[in-house]
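Structural overview
Residues per chain are reported as follows:
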Amino acid sequence: MNQSCTDLKAAPSTPQSQTEARPLVDPFGRAISYLRISVTDRCDFRCVYCMAEDMSFLPKADLLTLEELDRLCSAFIARGTRKLRLTGGEPLVRRNIMRLFEGLARHLESGSLDELTLTTNGSRLGFFAPELAACGVRRINVSLDSREPETFKAITRRGDLAQVLKGIDAAQNAGLDVKINMVALKGVNEAEIVPMIRWAHARNMDLTLIEVMPMGAIEPERLDQYLPLSTVRAEIAKHFTLRDLAYRTGGPARYVEVAETGGRLGFITPLTHNFCESCNRVRVTCTGTLYMCLGQEDAADLRTPLRASPSDALLHAAIEDAIARKPKGHDFKIDRAHKGPAVPRHMSVTGG
């Protein structure tokens, strides 16, 4: 497997029209500079808050090819995207995925992209971490909801905790900055949150806590899973001194400094305090469907214009039309009157 991206030739550039070079700005004046793109809906885990246990995945023929994913990402970069995150499902289960990272690395080298990164469950990091670093990836998010083997197995239904921890070791050894994402689950991992803070910060890793999002039909009741982070923060404050920070990564997390550890702790709160007012993000699925808002169903088909012409003119027109419909925010709710999913698609389909 190629361990370096330095010998890759950049794809030939094509002249851009004024339209294709114009930044994307939504109706509320928010510049769209962050694209999260799913490269597969498949995953080697079945996390209880993300997927049904018996998932039906898309036929491979429905997915964008790696070349089409590169072309789509490059179109967004031409329109002002500065941060690109590859997601899934689990992105590292996509066959030949490093070819996509290798190709997109040219945008880092040219300076047209600030950051190329990914969110992963860590199961394959032990193998891919050196290659990711060689392609210009500097930091990654690893989803880890428990460090207790039995709890981890119950949450993921099939994950191997030891393999994930070895993957985190490999990522740090390769020079990647690692941030841990932990979904707070009522009655499941509440008692692990404070120990997780200590563990992550002792290893110089940020930790971000996430509220359950009402997406997709799953076996447990959402209300049974939902743990408000306002409650969690109050409990954490009994153990640590928390200081609000202006620090941002471009995503929805709001950060505090934990005085006793010196580390950062993030909160992603789509329900107790939504993060829509400064949203600079859009998501594209592995089939080329663009969702302008995580919590809304309005979407745009980018696969058809992508395949209709070798020119990107139709693709740019479809992207522009979609961004002009980006809503102000989502309508996520979880309470006794809203137990079901706010949107029917699973997070693994939308792209992490």
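Structure: above.
This section reports on the structure supplied with the text. From a predicted model like this one, the values you see are computed outputs, not experimental measurements. (Residues numbered from 1 in each chain as written. Predicted model: local features only at pLDDT ≥ 70, side-chain atom pairs only at ≥ 80, totals over all residues. Heavy atoms only, no water.)

**Things to note about the nonpolar core**
Grouped together as the largest cluster of nonpolar side chains are 94 residues, with contacts concentrated most on F76, L84, L86, F101, L209 and I236. Looking at this core, the element that brings in the most residues is helix 2 (residues 66-78), giving 7 residues. Non-local contacts of L209, meaning those with residues more than four positions away in its chain, are made with M182, I193, L229, V232, I236, L265, G266, F267 and I268. (Core = buried A, V, L, I, M, F, W, Y, C linked by side-chain atoms within 4.5 Å. Buried < 20%, exposed > 50% of the residue type's maximum accessible area, 1.4 Å probe, protein only. Helix = DSSP H or I, 4+ residues; strand = E, 2+ residues; numbered from the N terminus. Contact = heavy atoms within 4.5 Å.)

**Some details on the sheet that holds strand 2 (residues 83-87)**
In space, the 12 strands of this open sheet follow the order 7-8-9-6-5-4-3-2-1-10-11-12, with mixed pairing throughout. Of all the strands in the sheet, the pair left with one neighbour each is strand 7 (242-244) and strand 12 (299-301). Across this sheet, the average inter-strand angle for adjacent strands is 25°, counted without regard to direction. Both strand 1 (residues 34-38) and strand 2 contribute to a ladder of 5 bridges, which runs parallel. (Pairing = 2+ DSSP bridges. Axes fitted to C-alpha atoms, helices over the stretch in contact; angles between N-to-C directions.)

**A few points about the layout of surface pockets**
Volume-wise, the second largest pocket comes out at about 290 Å³. Forming the boundary of the second largest pocket are 13 residues, of which K60, L63, V93, R94 and R95 lie nearest the centre. When the residues that make up the lining of the second largest pocket are grouped by side-chain class, the tally is 4 nonpolar, 3 polar and 6 charged. (1 Å grid on protein atoms, 1.4 Å probe; cavity = no way out; pocket = protein on both sides within 12 Å on 5 of 7 lines; lining within 4 Å. Points joined across faces, edges and corners; volume = space filled by probe spheres on them. Nonpolar A, V, L, I, M, F, W, Y, C, P; charged D, E, K, R; others polar.)

**With respect to the packing of aromatic side chains**
On inspection of all chains with the given rule, the structure shows 3 aromatic pairs. Ring geometry for F45 and F152: centres 5.9 Å apart, planes at 90°, overall edge-to-face. Of this pair, F45 sits in the loop between strand 1 and helix 2 while F152 sits in helix 5 (residues 149-156), and the two are 107 residues apart along the sequence. Accessibility classification places F45 together with F152 in one group, the buried group. Ring centres of F127 and F128 lie 4.9 Å apart, and the angle between their planes is 85°; on these two criteria the pair is classed as edge-to-face. When the ring centre of Y34 is taken as origin, the NZ or CZ atom of K83, which lies over that ring, is 4.5 Å away. In this structure, R264 is placed above the aromatic ring of Y247, and the distance from its NZ or CZ to the ring centre is 3.7 Å. (Phe/Tyr/Trp six-rings, centres within 6.5 Å; stacked < 30°, edge-to-face > 60°. Lys NZ or Arg CZ within 6 Å of the ring centre and 35° of its normal.)

**Regarding the pattern of salt bridges**
Counted under the stated rule, the structure contains 18 salt bridges. As a salt-bridge pair, R71 and D312 come within 2.6 Å of each other at their nearest N and O atoms. Here D312 lies in the loop between helix 10 (303-308) and helix 11 (313-323) and R71 lies in helix 2, a separation of 241 residues in the sequence. Given the relative accessible area of 22%, D312 is considered partly exposed. The residue R264 makes a salt bridge to D206 at a minimum N-O spacing of 3.0 Å. (Salt bridge = Lys/Arg side-chain N within 4 Å of Asp/Glu carboxyl O.)

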